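So the chains spell out like this:
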There are 2 protein chains.
Amino acid sequence: MKHYTTQPRFLLAIDCIIFGFDGAELKLLVIQRGFEPCRGQWSLVGGFVQQGETSEEAARRALKNLTGLDGLYMEQLHTFSQPDRDQEDRTVSVAYFALVDIQQYRQQLSEDYHPAWFPINHEPSLIFDHNEMVELAKEKLRYKAALHPLLFELLPEKFTLPQLQNLYECVYNTSFDKGNFSRKILSTQMLTKLNIKDKLSSKKGAFYYRVNEKKYHANFNAFTNFVGGKFKSLKV
Amino acid sequence: MKHYTTQPRFLLAIDCIIFGFDGAELKLLVIQRGFEPCRGQWSLVGGFVQQGETSEEAARRALKNLTGLDGLYMEQLHTFSQPDRDQEDRTVSVAYFALVDIQQYRQQLSEDYHPAWFPINHEPSLIFDHNEMVELAKEKLRYKAALHPLLFELLPEKFTLPQLQNLYECVYNTSFDKGNFSRKILSTQMLTKLNIKDKLSSKKGAFYYRVNEKKYHANFNAFTNFVGGKFKSLKV
DNA sequence: GCAAAAGTGTTCAATTTACACCCATGG
DNA sequence: CCATGGGTGTAAATTGAACACTTTTGC
């Protein structure tokens, strides 16, 4: 093993795969790249890790810059290190995926970034290996959401069961029985029923619920099967 | 966003968390570090990523060097980037976890590396953030093995159901009903029964099985609940 | 009153769990 | 011939899937 000083050095980047849900479709947030190489092309939100910060911190910084939001759900996805992934220089990128409530998202700095939401499954061609990152993030989202309640992170504070079911149906591109779905979700005791109804999508109106933070955090890492029998046939 | 040339540069390392099973205990392979800083202390197997190779390739190179084995089960775990994690220089490390059949492992280059197997739960104090890496790898192993058949990778080509059950019981530190365990495993059709018995641990002898590679690979990524009802109470 | 969406109830099937029982054999 | 661990059978309990039914209300 050679000594440290003889080892090659790398640029270290982060890239964020940001998912949102507009009530009808699952979407991906991308920007128009503002500098060379590939200026003007669609790209994930990213940046370089600085001395004195972790890659997590760099990713949160990038997210905050673009969305104006703190405390988003975010987790490390994978590190991409193909020598030729960035034609300009040897850059290794740590990819993170993040979930945002699209209603809370306020477009900031749009002059600099030109952000745009694309429907998942119709995202544009992205620079470097960013499409590969998005594919992996979609897999991970489907995987993790089948067992853990992270899709709540995509919804506003108050939401109805039909809205939640619609989100699951979008993510898994299938349909669920409403009776069985509602019983399954409510049996986790992660939701608190409010006395207000959303009357926008039906005459009867659907009750709003909000996440019971205590139960949610306490049970986030437990295994809960959120997708019924489709669980067994899911491949990832 | 600054231009590339103004960005800081990092050393890029890989570290491998290598698990093995000796029939009675789950074990971790560590080495005595051969160079400064921390020469002589216990460490994960690692190395620096070189120009022109991916971190995956660097990890396979390190595994091959130490164990003499190709084609081990290996997957990327997490990237560690605390600025002070290596006191000598700013080094970011991509951690991989690997599973080896301990019987196939031949101690090579022992003069250089001084490798040793430690029982999981009694591993020694390791350099840098390596204990943290091991903790995360143990969690990931328990998580993934609950749903996918990766523990087969820890066993020799031929093994008995009681041996397999013992392995699961070690990983989850619990016990399973032998009848239900055997039915569950065999129902996956991932095992082929051989006409030879292992007579070492009983008078009656237990039939050997081997992995049906076709079924195994085809269904590796499907969700299969390998831990019965303990699944629901498993937290990770 | 009726269409449309929310929400509840009920049945049948599949899976899981617990535990009893039989089997093979070395000493 | 019996103790020991391997292996099979089975009934009860739980969970899941399907679908019928009731509720509410704007038009």
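Residues numbered from 1 in each chain as written. Chains lettered and ligands numbered in written order. Predicted model: local features only at pLDDT ≥ 70, side-chain atom pairs only at ≥ 80, totals over all residues.

**Student:** So what exactly am I meant to see when it comes to the overall build of chain A here?
**Tutor:** When helices and strands are counted, chain A shows seven helices and ten strands. Over its C-alpha atoms, taken along the principal directions, chain A stretches across nearly 65 × 45 × 30 Å. Expressed as a percentage of the 236 residues in chain A, the buried residues total 35%. Long-range pairs, those at least 24 residues apart, make up 67% of the contacts in chain A with a sequence separation of at least 6. (Helix = DSSP H or I, 4+ residues; strand = E, 2+ residues; numbered from the N terminus. Buried ≥ 20, exposed ≤ 12 C-beta atoms within 10 Å, placed from the backbone. Contact = placed C-beta atoms within 7 Å.)

**Student:** Got a minute to help me understand the sheet that holds strand β9 (residues 191–198) of chain B in this structure?
**Tutor:** To summarise the sheet geometry, strands pair through backbone hydrogen bonds and adopt either a parallel or an antiparallel arrangement. Residues and elements named next belong to chain B. Strand order in the open sheet formed by three strands is β8-β10-β9, and the pairing between neighbours is antiparallel. Here the strands that pair on one side only, and so sit at the sheet edges, are β8 (159–160) and β9. Both β8 and strand β10 (residues 206–211) contribute to a ladder of two bridges, which runs antiparallel. Residue T160 lies in a different strand from β10, and its bridge partner there is Y208. (Pairing = 2+ DSSP bridges.)

**Student:** I'm lost on the protein's contact with DNA strand C in this one. Help?
**Tutor:** The local shell around DNA strand C holds 22 residues, among which P162, G179 and S202 of chain A together with G228 and G229 of chain B are the closest. A per-class count over the surface near DNA strand C returns four nonpolar, eleven polar and seven charged. (Near = placed C-beta within 6 Å. Nonpolar A, V, L, I, M, F, W, Y, C, P; charged D, E, K, R; others polar.)

**Student:** Can you walk me through the relation of the copies chain B and chain A in this structure?
**Tutor:** The relation between the two chain copies is a rotation about an axis coupled with a shift along that axis. For the pair chain B and chain A, the relating rotation is 180°, the translation along its axis is 0.0 Å, and the fit reaches an RMSD of 0.0 Å. One copy is carried onto the other by what is essentially a two-fold rotation axis. Scanning chain B for the C-alpha nearest the rotation axis identifies F10 of chain B, at a separation of 2.5 Å. (Least-squares fit on C-alpha atoms with pLDDT ≥ 70 in both.)

**Student:** Before we go on, may I ask you to explain helix α3 (residues 130–145) of chain B in this structure?
**Tutor:** Residues spaced three or four apart along an α-helix face the same direction, because each turn holds 3.6 residues. All names here are of chain B. The terminal C-alpha atoms of α3 lie 22 Å apart, and with 16 residues this matches the ideal 22 Å at 1.5 Å per residue to within 8%. For α3, the complete set of buried residues consists of H130, M133, V134, A137, L141 and A145. Along the axis of α3, the buried residues cluster in a sector spanning 95°; they form a single face. (Expected span 1.5 Å × (residues − 1). Arc of directions from axis to C-beta.)

**Student:** Just checking my understanding: could you explain the pairing of strand β6 (residues 91–100) of chain A for this structure?
**Tutor:** Residues in a regular strand project their side chains so that they alternate between the two faces of the sheet. All names here are of chain A. With ten of ten residues buried, β6 lies mostly within the body of the structure. Residues T91, S93, A95, F97 and L99 point to one face of β6 and V92, V94, Y96, A98 and V100 to the other, with burial holding for every one of them. Inspection of the sheet shows strand β1 (residues 9–21) paired to β6 by ten bridges, in the parallel sense. Bridging from a neighbouring strand, D15 pairs with A95 of β6. With seven bridges joining them, strand β5 (residues 73–80) and β6 adopt antiparallel strand pairing.

**Student:** How should the interface of chain B and chain A be read in this particular structure?
**Tutor:** Often, the extent of an interface is quoted as the loss of accessible area on bringing the components together. Between chain B and chain A, the contact holds 39 residues from the first and 39 residues from the second. Among the secondary structure elements, those contributing two or more residues to the side of chain B that touches chain A are β1 (9–21), β4 (45–48), β5 (73–80), β6 (91–100) and α7 (230–233) of chain B. The element contributing the most residues to the side of chain B that touches chain A is β1 of chain B, with four residues.

**Student:** Is there a simple way to explain the domain arrangement of chain A in this structure?
**Tutor:** Residues and elements named next belong to chain A. Domain boundaries assigned for chain A yield domain 1 (4–145) and domain 2 (150–233). Summarising the inter-unit geometry, the C-alpha centres of domain 1 and domain 2 are found 27 Å apart. In this complex, domain 1 contributes 14 residues to the contact, which on the side of domain 2 involves twelve residues. The set of elements that each furnish at least two residues to the side of domain 1 that touches domain 2 consists of β1 and α3 (130–145). Tallied by class, residues from the side of domain 1 that touches domain 2 come to seven nonpolar, three polar and four charged. (Domains from an automatic or database assignment.)

**Student:** Can you walk me through the protein's contact with DNA strand D in this structure?
**Tutor:** Near DNA strand D you find 21 residues, and of these K204, G228 and G229 of chain A together with P162 and G179 of chain B are the closest. Put simply, the parts of the chain that give the surface near DNA strand D at least two residues each are α5 (178–187) of chain A together with α4 (161–172), α5 (178–187) and β10 of chain B. Element by element, the count of residues in the surface near DNA strand D is highest for α5 of chain B, at three residues.

**Student:** What am I meant to see in the nonpolar core here?
**Tutor:** Taken as a class, soluble globular proteins show a tendency for nonpolar side chains to be buried jointly. Counting 129 residues, the largest nonpolar core has C16 and I17 of chain A together with C16 and I17 of chain B as its most contacted members. Here this core takes ten residues from β1 of chain B, the largest share from any one element. (Core = buried A, V, L, I, M, F, W, Y, C linked by C-beta atoms within 7 Å.)

**Student:** Explanation requested: unusual backbone geometry in the structure shown.
**Tutor:** Glycine aside, negative phi is the norm for most residues, and most peptide bonds take the trans geometry. A cis geometry characterises the amide bond from E36 of chain A onward to P37 of chain A, with omega recorded as -5°. Although it is not a glycine, C38 of chain B sits at a positive phi angle of roughly 70°. Mapped onto the secondary structure, C38 of chain B falls in the loop between β2 (26–32) and β3 (42–43).

**Student:** Looking at this structure, how should I read the sheet that holds strand β10 (residues 206–211) of chain A?
**Tutor:** Residues and elements named next belong to chain A. Read from one edge to the other, the open sheet built from three strands follows the order β8-β10-β9, with strand pairing classed as antiparallel. This sheet does not close on itself; its edge strands, each paired only once, are β8 (159–160) and β9 (191–198). In terms of strand pairing, β9 meets β10 through five bridges, oriented antiparallel. Considered in β10, the bridge of K193 is made with Y209.

**Student:** Would you take a moment to explain the environment of V92 of chain B for this structure?
**Tutor:** Take V92 of chain B: it is sitting in strand β6. Take V92 of chain B: there are 25 C-beta atoms within 10 Å of it, and that puts it in the buried class. Sequence separation between V92 of chain B and L194 of chain B is 102 residues, and the spatial gap between their C-alpha atoms is 47 Å. For V92 of chain B, the contacting residues outside a window of four places in its chain are L12 of chain A together with F10, L12, T79, F80 and S81 of chain B.

**Student:** What is the right way to read the environment of L167 of chain B from this model?
**Tutor:** All names here are of chain B. Residue placement: L167 occurs in helix α4. Residue classification places L167 among the buried positions, given that 21 C-beta atoms sit within 10 Å. With 58 residues separating them along the chain, L167 and N225 place their C-alpha atoms 16 Å apart. Those residues within four positions of L167 in sequence are excluded, and the remaining contacts are F21, L151, L154 and L155.

**Student:** Is there a simple way to explain the packing of α4 of chain B against α5 of chain B in this structure?
**Tutor:** Two quantities define a packed helix pair, namely the angle between the axes and the distance from one axis to the other. All names here are of chain B. Taken N-terminus to C-terminus, the directions of α4 and α5 make an angle of 100°; their axes are 11 Å apart at the nearest point. Taken together, the axes of α4 and α5 lie roughly perpendicular to each other. Here L161, L164 and Q165 of α4 come into contact with α5, specifically with K178, F181, S182 and I185. Looking at the contact of α4 with α5, its residues break down into four nonpolar, two polar and one charged. (Axes fitted to C-alpha atoms, helices over the stretch in contact; angles between N-to-C directions. Parallel < 35°, antiparallel > 145°, perpendicular 65-115°, else oblique.)

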